[in-house]
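# Coordinate inspection notes
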Number of protein chains: 2
Amino acid sequence: MQAKVSWQQKMHFVGLGDSGHEVHLDAKKEIGDEDLGARPMELLLMGLGGCTGIDIVMILDKMRIAYDRVDVLLDAKRAPNPPEKFTEITLTYEIDAIDADVDKVIRAVKLSQEKYCSASHSLSATLSAVVVVNGHKVYDDRS
Amino acid sequence: MQAKVSWQQKMHFVGLGDSGHEVHLDAKKEIGDEDLGARPMELLLMGLGGCTGIDIVMILDKMRIAYDRVDVLLDAKRAPNPPEKFTEITLTYEIDAIDADVDKVIRAVKLSQEKYCSASHSLSATLSAVVVVNGHKVYDDRS
């Protein structure tokens, strides 16, 4: 898999991968950017969320569970000193699926985390999962 | 640092982080998507490229080295079986900087990789760097 990021001006880059979709990146305002795109570390979190989110909808579809909402919230702690890498990331899955078997929804999240999600396994941080189904927290593996 | 991805339809998600820039994500065509955004694993690569790319332009600026082009090409190998995580990523830095001291450009790349790049240190893959200055390969740490 290949991708490329190309400098535009100041701290602004444009990313392009095999899929052909451009993504704009920029540094945080404090270091003099013009805020023309998402922060690089945000893209890592979004990539993680999208990866596991796509897993979830694929697994729920296979389980024939109907859903109205699948949001994945990502809350990352970073090391205090440079390079300030991600150390812990909590993924909160907010899923609205009326009449769904809650155990099956939890199973879908575990399958993504443990077996399928390429991004989860490509990051070095410790990951935790919280599952909220129809507004009720039904699973939380944070120690 | 926080971000969120929200399911839209089929395999299409929209990501949003603290910076406020939306990023569209979608699954590869083969699994029935409508190709409405970048692939999640591409975002990991672009985040990595943007992170180190921003480092490079900041360091070159501090070194008072003028540049016309900074492209970072990312070539990732993935494990053959699910979860198909990234195992090796080669970053090729293509930098056009007429009259630049090549050793300083190499030093900028090493500083990013070894000290500053949050994304490099947040991924579990083995990273390698190739540096091309004004069309000439001047550094390659692949074993």
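Residues numbered from 1 in each chain as written. Chains lettered and ligands numbered in written order. Predicted model: local features only at pLDDT ≥ 70, side-chain atom pairs only at ≥ 80, totals over all residues. Heavy atoms only, no water.

## Focus on the overall build of chain A
The number of helices and strands found in chain A is three helices and seven strands. Along chain A, from the amino end to the carboxyl end, the secondary structure elements read β-β-β-α-β-β-α-α-β-β. For the C-alpha atoms alone, the extent of chain A along its principal axes is close to 50 × 35 × 25 Å. For chain A, with 143 residues in total, the buried portion stands at 55%. In chain A, of all internal contacts separated by at least 6 residues, the share reaching a separation of at least 24 is 45%. When the accessible surface of chain A is summed, it comes to about 6500 Å², and 46% of that surface belongs to carbon and sulfur atoms. The averaged location of the 23 negative side-chain charges in chain A is 4 Å from the averaged location of its 17 positive side-chain charges. (Helix = DSSP H or I, 4+ residues; strand = E, 2+ residues; numbered from the N terminus. Buried < 20%, exposed > 50% of the residue type's maximum accessible area, 1.4 Å probe, protein only. Contact = heavy atoms within 4.5 Å. Areas by Shrake-Rupley, 256 points an atom, 1.4 Å probe, with all protein chains shown as cover. Lys, Arg positive; Asp, Glu negative; His and termini not counted. Charge placed at Lys NZ, Arg CZ, Asp CG, Glu CD.)

## Quick look at the domain arrangement of chain A
For chain A, the domain assignment lists domain 1 (1–38) and domain 2 (40–140). Between domain 1 of chain A and domain 2 of chain A, the C-alpha centre-to-centre distance is 25 Å. (Domains from an automatic or database assignment.)

## A closer look at the relation of the copies chain B and chain A
Superposing chain B onto chain A takes a rotation of 180° plus a shift of 0.0 Å along the axis, which leaves an RMSD of 0.0 Å. Put plainly, the chains are arranged around a two-fold axis. Both copies present the same face, since 100% of the interface residues in chain B are matched by interface residues at the equivalent positions in chain A. (Least-squares fit on C-alpha atoms with pLDDT ≥ 70 in both.)

## So, the interface of chain B and chain A
Tallying the contact residues gives 68 residues for chain B and 68 residues for chain A. Of the roughly 5500 Å² buried where chain B meets chain A, counting both sides, 68% is carbon and sulfur surface. Three residues, Met1(B), Trp7(B) and Met46(B), lead the burial of chain B against chain A; their summed loss comes to 14% of the area buried on that side. Between Lys4(A) and Asp71(B) there is a salt bridge whose closest N-O contact spans 3.8 Å. Among the secondary structure elements, those contributing two or more residues to the side of chain B that touches chain A are strand 1 (2–9), strand 2 (12–17), strand 3 (22–25), helix 1 (40–62), strand 4 (69–78), helix 2 (102–116) and helix 3 (118–122) of chain B. Take the side of chain B that touches chain A: its biggest share by element is 17 residues, from helix 1 of chain B. Class assignment of the residues belonging to the side of chain B that touches chain A gives a composition of 37 nonpolar, 15 polar and 16 charged. Examined bridge by bridge, strand 1 (residues 2–9) of chain A and strand 4 of chain B share five bridges and lie antiparallel to one another. The residue of strand 4 of chain B that forms the bridge with Lys4(A) is Leu73(B). (Buried area = accessible area lost by both parts, 1.4 Å probe. Salt bridge = Lys/Arg side-chain N within 4 Å of Asp/Glu carboxyl O. Nonpolar A, V, L, I, M, F, W, Y, C, P; charged D, E, K, R; others polar. Pairing = 2+ DSSP bridges.)

## Things to note about the pattern of salt bridges
All names here are of chain A. Applying the stated rule across the entire model yields 18 salt bridges over all chains. With a closest N to O distance of 3.0 Å, Glu-94 and Arg-69 form a salt bridge. With Glu-94 in strand 5 (residues 86–96) and Arg-69 in strand 4 (residues 69–78), this pair connects stretches of sequence that are 25 residues apart. Overall, the relative accessible area of 29% leaves Arg-69 in the partly exposed class. Where Lys-137 meets Asp-140, a salt bridge forms, and the shortest distance between an N and an O atom there is 3.2 Å. For Asp-140, a relative accessible area of 29% puts it in the partly exposed group.

## Remarks on the sheet that holds strand 5 of chain A
Here we have seven strands laid out as an open sheet, ordered 7(A)-6(A)-5(A)-4(A)-1(B)-2(B)-3(B), and mixed in their pairing. Each end of this open sheet is capped by a strand with a single partner; those strands are strand 7 (136–140) of chain A together with strand 3 of chain B. For this sheet, the mean angle separating the axes of adjacent strands, direction not counted, is 20°. Sheet topology note: the strand 5 of chain A/strand 6 (residues 126–133) of chain A ladder contains eight bridges and is parallel. Paired with Thr90(A) across the bridge in strand 6 of chain A is Ser128(A). Running at roughly 40° to strand 5 of chain A, helix 1 (residues 40–62) of chain A makes contact with strand 4, strand 5 and strand 6 of chain A together with strand 1, strand 2 and strand 3 of chain B of the sheet. (Axes fitted to C-alpha atoms, helices over the stretch in contact; angles between N-to-C directions.)

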